[in-house]
Amino acid sequence: MSNMGAAINRKDKTAATLVEMCSVRLGKTLFGVPITHILEIVGGARPQPVPLAPSYVGGLVHYRGDVLTTVSLRHLLDMPPREGAQDILVLESAGGCFGLLVDSVGEVLTVSAADHEPNPSILDERRRALFNGAYKLKDSLLVMLDPERLDPIRLDAMRSGGAQAA
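Residues numbered from 1 in each chain as written. Predicted model: local features only at pLDDT ≥ 70, side-chain atom pairs only at ≥ 80, totals over all residues. Heavy atoms only, no water.

**Q** Hey, could you run me through the side chain of Ser23 in this one?
**A** Along the chain, Ser23 falls in strand 1 (residues 18–26). According to the relative accessible area criterion, Ser23 is buried, its value standing at 4%. At 2.8 Å, the side chain of Ser23 forms a polar contact with the backbone oxygen of Glu107. Not counting chain neighbours up to four residues away, the residues in contact with Ser23 comprise Leu30, Phe31, Val105, Gly106, Glu107, Leu109 and Leu142. (Helix = DSSP H or I, 4+ residues; strand = E, 2+ residues; numbered from the N terminus. Buried < 20%, exposed > 50% of the residue type's maximum accessible area, 1.4 Å probe, protein only. Polar contact = N/O pair within 3.5 Å; in protein donor to acceptor, adjacent residues only side chain to side chain. Contact = heavy atoms within 4.5 Å.)

Okay, here's the thing in structure tokens:
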């Protein structure tokens, strides 16, 4: 009987380490965002440019009667801009709500903490600041994005801090 109890406890611990991620694509790369930070997915959005805004700002969109600032993941990763409509993940962070522009939103994936790998040491400092490791999937990797690290307020502080430190 005690062995059976130990097996049940192990199952409970394993179940507790499962995390649900929303998968998104940017080019050929698969990224993941914890669903607990996602308020909504807006498809086919065309953000309006903001003159004199930091280059990572993808534009503004109308969202439920408000104006939502979007962050261009393509710009943050030095990828060329995408022509046409993009999908937006409306994310919640300590600084408030913002949109993350991605090429497309995929499915919700359940990943195990046992499959998580930290950022590689060869990753440059800027990408290390954006990524939170990766999960090994059957045929690919799911690069983790942390919404707190992508918040426009934090990105602006990092940009200002980097300029002051230089």
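**Q** Honestly, the sheet that holds strand 8 (residues 104–112) in this entry has me stumped. Any pointers?
**A** Sheet strands pair via backbone hydrogen bonds, and the direction of the pair is either parallel or antiparallel. Strand order across the open sheet formed by six strands is 8-1-2-11-10-9, with mixed pairing between neighbours. Edge positions in the sheet fall to strand 8 and strand 9 (116–117), since each of these pairs with one other strand and no more. (Pairing = 2+ DSSP bridges.)

**Q** Would you mind going over the environment of Tyr63 with me for this structure?
**A** For Tyr63, the position within the fold is in strand 4 (residues 57–63). Relative accessible area serves as the criterion here: at 15%, Tyr63 is assigned to the buried category. Each residue touching Tyr63, except ones within four places of it in the same chain, is listed here: Leu39, Glu40, Val42, Leu68 and Val90. Among the polar contacts listed, one links the side chain of Tyr63 to the side chain of Arg64, at a separation of 3.5 Å.

**Q** Teacher, can you tell me more about the pattern of salt bridges here?
**A** Any two side chains of opposite charge can pair, so long as their charged atoms come close to each other. The full count for this structure, using the stated rule, is six salt bridges. What emerges from the salt-bridge pattern is a single network uniting Arg74, Arg82 and Asp103. (Salt bridge = Lys/Arg side-chain N within 4 Å of Asp/Glu carboxyl O.)

**Q** How should I be thinking about the sheet that holds strand 3 (residues 38–45) in this particular structure?
**A** Spatially, the five strands line up as an open sheet ordered 3-6-7-5-4, and their pairing is mixed. Each of the sheet's edge strands pairs with one partner strand only, and the pair in question is strand 3 and strand 4. Looking at each pair of strands side by side, their axes are set apart by 30° on average, direction ignored. As paired elements, strand 5 (residues 66–72) and strand 7 (residues 96–102) share three bridges and run parallel to each other. What sits directly across from Val71, in strand 7, is Leu100. (Axes fitted to C-alpha atoms, helices over the stretch in contact; angles between N-to-C directions.)

**Q** Any chance you could explain the side chain of Thr70 here in plain terms?
**A** With respect to the secondary-structure elements, Thr70 resides in strand 5. The class of Thr70 is buried, set by a relative accessible area of 0%. Only 2.8 Å separates the side chain of Thr70 from the backbone oxygen of Gly59, close enough to count as a polar contact. Ignoring sequence-local partners within four residues, the contact set of Thr70 consists of Pro47, Tyr56, Val57, Gly58, Gly59, Val61, Ile88, Gly99 and Leu101.

These figures capture arrangement, not role.
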